[in-house]
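Residues per chain are reported as follows:
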Amino acid sequence: MENTNSSKEEKNFRVRKLELSDKSKGFIELLQQLTVCDSVSEKQFEDRFKEISMYGDDLLICVIEDDFSGKIIATGSVFIEKKFIRSCGKVGHIEDVVVDGSARGMQLGKKIVGFLADHARSMGCYKVILDCSAENKVFYENCGFKQKEIQMVKYFVGM
């Protein structure tokens, strides 16, 4: 008899581009597990989605949706920076990678990061970079990244 067990570990999760309907599937709540992310109205989400869409493949937000629950359980983004150095080369910047707490340990983060890195490569980038916390260093090393230099930041109060 065929085993029809459909545990989360056996699912074949698919990475896809963010869709307008993903707001109602918990996309913003997922981002809140990563960092400060205030509530976003339907209009704000739609306006930002349209703005991002104007960048075409130069700004990609991808998600993984749990087909059983209908919730977005992983996301990440990459934007393509066009440079003058390296013969007018391009660099991919990976940002905002997060996996829902209930779905961690299932290699979804690695799947998201691989998808984003592959996109950067397909766009002609000579490298892809990201910033991460010390706690996530080993995860990104397991995704093929290596530590290089130091990150700096300057926040603008109220923005």
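Rules used throughout
Residues numbered from 1 in each chain as written. Predicted model: local features only at pLDDT ≥ 70, side-chain atom pairs only at ≥ 80, totals over all residues. Heavy atoms only, no water. Helix = DSSP H or I, 4+ residues; strand = E, 2+ residues; numbered from the N terminus. Buried < 20%, exposed > 50% of the residue type's maximum accessible area, 1.4 Å probe, protein only. Contact = heavy atoms within 4.5 Å. Areas by Shrake-Rupley, 256 points an atom, 1.4 Å probe, with all protein chains shown as cover. Lys, Arg positive; Asp, Glu negative; His and termini not counted. Charge placed at Lys NZ, Arg CZ, Asp CG, Glu CD. 1 Å grid on protein atoms, 1.4 Å probe; cavity = no way out; pocket = protein on both sides within 12 Å on 5 of 7 lines; lining within 4 Å. Points joined across faces, edges and corners; volume = space filled by probe spheres on them. Nonpolar A, V, L, I, M, F, W, Y, C, P; charged D, E, K, R; others polar. Pairing = 2+ DSSP bridges. Axes fitted to C-alpha atoms, helices over the stretch in contact; angles between N-to-C directions.

Caption draft 1: Geometry of the overall build of the protein chain. Along its length, the protein chain carries five helices and five strands. Along its sequence from the N terminus, the protein chain presents helices and strands in the succession β-α-α-β-β-α-β-α-β-α. Over its C-alpha atoms, taken along the principal directions, the protein chain stretches across nearly 60 × 35 × 30 Å. Across the 159 residues of the protein chain, 33% fall into the buried class. The contacts of the protein chain with a sequence gap of at least 6 include a subset with a gap of at least 24, amounting to 61%. Carbon and sulfur atoms form 52% of the exposed surface of the protein chain, whose accessible area is close to 11200 Å². Mean positive and mean negative side-chain charge positions of the protein chain (24 and 25 charges, respectively) differ by 6 Å.

Caption draft 2: Structural context of the layout of surface pockets. Volume-wise, the largest pocket comes out at about 1800 Å³. Leu 31, Leu 34, Thr 35, Asp 96 and Val 97 are, among the 50 residues lining the largest pocket, the residues nearest its centre. Mapped by element, the contributors of at least two residues to the lining of the largest pocket are α1 (27–31), α2 (42–53), β2 (59–65), β3 (72–82), β4 (90–99), α4 (108–122) and α5 (137–142). For the lining of the largest pocket, a count of residues per class yields 29 nonpolar, 12 polar and nine charged. Volume-wise, the second largest pocket comes out at about 1000 Å³. If you go around the second largest pocket, you meet 33 residues; those closest to its centre are Ile 129, Leu 130, Phe 145, Lys 146 and Lys 148.

Caption draft 3: Region of interest: the pairing of β2. When you tally the buried positions in β2, you get six out of seven residues, the bulk of the element. Sheet topology places β2 next to β3; seven bridges connect them, and they run antiparallel. Across the sheet, residue Val 63 finds its bridge partner in β3, namely Thr 75. As consecutive antiparallel partners, β2 and β3 are separated by six residues, and within that stretch Gly 70 has a phi angle of approximately 80 degrees, a positive value.

Caption draft 4: Broad picture of the sheet that holds β3. On the basis of which strands lie adjacent, the open sheet formed by five strands has the order β1-β2-β3-β4-β5 and mixed pairing. The open sheet has two edge strands with one neighbour each: β1 (15–17) and β5 (127–130). Strand-to-strand twist across the sheet, computed as the mean angle between neighbouring axes with direction ignored, equals 30 degrees. Pairing of β4 with β5 involves four bridges; the strand directions are parallel. Within the sheet, the bridge partner assigned to Val 91 lies in β5 and is Lys 127. Where α4 meets the sheet, it contacts β1, β2, β3, β4 and β5, and its direction lies at approximately 25 degrees from that of β3.

The values are spatial; any link to function lies outside them.
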